[in-house]
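# Understanding the architecture of this molecule
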Amino acid sequence: MIIGDGNSFRDMLMNSPGTCPNCNASLTFGEAAQLAKSQGIQDNVVMCLKCRRVFEVNLVPGRMTLTSDVTAKYPQIKAKKPGGLFGKLFGK
């Protein structure tokens, strides 16, 4: 049982941390969900801020687990290519 007001519980969910299974970036549910929404995605998914892949999510208070990579469902999303400067310059 969680005792407190609704705002505390909401904040706990929004600040739940997780790790991107693609690039290992640290994310919070709130910022990753907001990024997906800003790209016009209305489904209950999150987007990695680093590699821009889209994932279904399992959310419990204090923890977020990114499950299935569903980037292919959203053709408007262009995932970032891996690699540093060399990858950006030569597309590898």
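For the structure given in this document, a descriptive report is provided here. Predicted model, so just to flag it, every value in this text is computed and none were measured.

Evaluation of the coordinates by the stated rule reveals two salt bridges. A salt bridge links aspartate 11 to arginine 10; the nearest nitrogen and oxygen atoms lie 3.2 Å apart. On the accessibility criterion, arginine 10 (45% relative accessible area) is partly exposed. Across the pair arginine 53 and aspartate 69 runs a salt bridge, and its minimum N-O distance is 2.8 Å. Residue arginine 53 is located in the loop between β3 (45–47) and β4 (54–60), and its partner aspartate 69 is located in strand β5 (residues 63–69); the two are separated by 16 residues in the primary sequence. A residue is classified by how much of its surface remains accessible, and aspartate 69, at 37% relative accessible area, is partly exposed.

Conventions adopted
All residue numbers refer to positions counted from 1 along the written sequence of the respective chain. In keeping with the model being predicted, local features are shown solely for residues with a pLDDT of at least 70 and side-chain atom pairs are shown and tallied solely at 80 or more, while totals for entire chains, interfaces and linings include all residues. The side-chain values count all of the structure's non-hydrogen atoms but skip hydrogen atoms and water molecules. Each reported salt bridge corresponds to a side-chain nitrogen of Lys or Arg within 4 Å of a carboxyl oxygen of Asp or Glu. Burial classes follow relative accessibility: with a 1.4 Å probe on protein chains only, a residue under 20% of its type's maximum area counts as buried, one over 50% as exposed, and anything between as partly exposed. Runs of E in the DSSP output that reach at least two residues are strands. Runs of H or I that reach at least four are helices, and both are numbered from the N terminus.

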